[in-house]
Amino acid sequence: MSSKDFLERFEQALLVGGTLRKEIITEICQHTEEIEVGKSQALDLGDPEKLAQKYNHTHLGFFHTTWRLILPPGLLYEGLLLFMLVPYILGFGSMNNNMSSSASNTGGADWFWPFMAIIAILGLSLALVYCRALSKLYHLRDYILVTLVIVITLGTLTFGGLAVVSSSNLLVAFMGAFLGTIPQATFIGLFLTVGALFYRRIEQKSSSRRRSIG
Amino acid sequence: MNKELLKGNSELLILSLLAGEPMHGYALSKKLVSTMPDMFRFGVGMLYPLLHKLEHEGLITSRWREIDNKNRRVYEVTKRGRRGLIARKKDWFTFQKTINTLVQNATHEQ
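Let me begin by describing the structure that accompanies this report. (Residues numbered from 1 in each chain as written. Chains lettered and ligands numbered in written order. Predicted model: local features only at pLDDT ≥ 70, side-chain atom pairs only at ≥ 80, totals over all residues. Heavy atoms only, no water.)

1. A short note on the nonpolar core
In step 1: With 46 residues, the main nonpolar core has A:Phe10, A:Ile28, B:Ile14, B:Leu18 and B:Leu51 as its most contacted residues.
In step 2: Looking at which domains feed residues into this core, each of domain 1 (3-60) and domain 2 (65-213) of chain A supplies at least three.
In step 3: Ignoring anything within four residues of it in the chain, the contact list for B:Leu51 reads B:Ile14, B:Leu18, B:Gly25, B:Leu28, B:Ile60 and B:Tyr75. (Core = buried A, V, L, I, M, F, W, Y, C linked by side-chain atoms within 4.5 Å. Buried < 20%, exposed > 50% of the residue type's maximum accessible area, 1.4 Å probe, protein only. Domains from an automatic or database assignment. Contact = heavy atoms within 4.5 Å.)

Encoded structure:
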């Protein structure tokens, strides 16, 4: 395999983005150039896909494959759904009432606020971890788009289901579900986007500092 | 030679080499090839992600420097890395001593 082919396959399989990606590719490119000059078989880098996967695993951790990347927005949204559903399931609210009033319907239940706090902390932690993973991706905008699509789809399905159960009029139920989902999905999408861009900015700064020290 | 054995001690190997002198990836790979016999040869494909992993863990640090008119990423061991190296060396010598004793005893019994 020529070094050009090697680099092409390597770049395709590498999910890591930003300045980190440039640094990795520069380093590997230099190595392949040296091999070509020195004609040393002993310094062969092996399989480009496997090499890229190792980098993905090192820098993206849990989110080193695309399907794992799709998982967190789903979990995040399911967490929010749980936050709204549990009070109903346990009989503290009425399905005919507006969903947003569920918290107030729980009255003085001892478990409610600790439960809400746990859900909020888990949701926020998950969102921050996900933002960081997103910020390290090569096709950042693509993944944000994927995130938004998943959040909107999940939101429409779950809220649609809830609205159908709680209303006798299907049209009203779907309109309610649709209108209820958009602001929440937009909020989560924006939060993830801003968070990812923030983390990417930090990464760029630390990378330029590393270069200037050298 | 069992590759898993080498894999398990690859961090010790890299930290030991970098503790001697800071090096860029290619120089490190050449050093590995020249100092180690064929059967112990360390896969270079494993080397770069491992360097990044060690940097991620704060055991080594990297800086871009111009060497031979090329901008190279040079790696060096941090203070934390030196402490990690001492701990890993200690583990290695304990492991080596234990295995040696066991293997020698088994040889005598035969």
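2. Observations regarding the interface of chain B and chain A
In step 1: The partner chain A presents 24 residues to the 23 residues of chain B that form the contact.
In step 2: Among the residues chain B hides against chain A, the three largest losses belong to B:Tyr26, B:Tyr48 and B:Trp64. Together they make up 31% of the total.
In step 3: Scanning the region where chain B abuts chain A turns up three salt bridges.
In step 4: Salt-bridge contacts for B:Arg72 lead to A:Glu34; the nearest nitrogen and oxygen are separated by 2.1 Å.
In step 5: Here chain B is connected to chain A by seven residue pairs in polar contact (both at pLDDT 80 or more).
In step 6: Of all the secondary-structure elements, those providing two or more residues to the side of chain B that touches chain A are helix H3 (25-35), helix H4 (44-56), strand S2 (60-67) and strand S3 (70-77) of chain B.
In step 7: Ranked by residues supplied to the side of chain B that touches chain A, first place goes to H4(B) with nine residues. (Buried area = accessible area lost by both parts, 1.4 Å probe. Salt bridge = Lys/Arg side-chain N within 4 Å of Asp/Glu carboxyl O. Polar contact = N/O pair within 3.5 Å; in protein donor to acceptor, adjacent residues only side chain to side chain. Helix = DSSP H or I, 4+ residues; strand = E, 2+ residues; numbered from the N terminus.)

3. Describing the packing of aromatic side chains
The relative placement of two aromatic rings is captured by the distance of their centres and the angle of their planes.
Residues and elements named next belong to chain A.
In step 1: Throughout the structure, instances matching the rule amount to four aromatic pairs over all chains.
In step 2: Look at Phe10 and Tyr55: their rings are 5.9 Å apart centre to centre, the planes differ by 70 degrees, and that puts the pair in the edge-to-face class. Of this pair, Phe10 sits in helix H1 (residues 3-13) while Tyr55 sits in helix H3 (residues 48-60); the two residues are 45 residues apart in sequence, bridging distant segments of the chain.
In step 3: A residue is classified by how much of its surface remains accessible, and Phe10, at 0% relative accessible area, is buried.
In step 4: Note on Tyr55: relative accessible area 0%, which makes it buried.
In step 5: What links up through ring pairs into an aromatic cluster is the set Phe6, Phe10 and Tyr55. (Phe/Tyr/Trp six-rings, centres within 6.5 Å; stacked < 30°, edge-to-face > 60°.)

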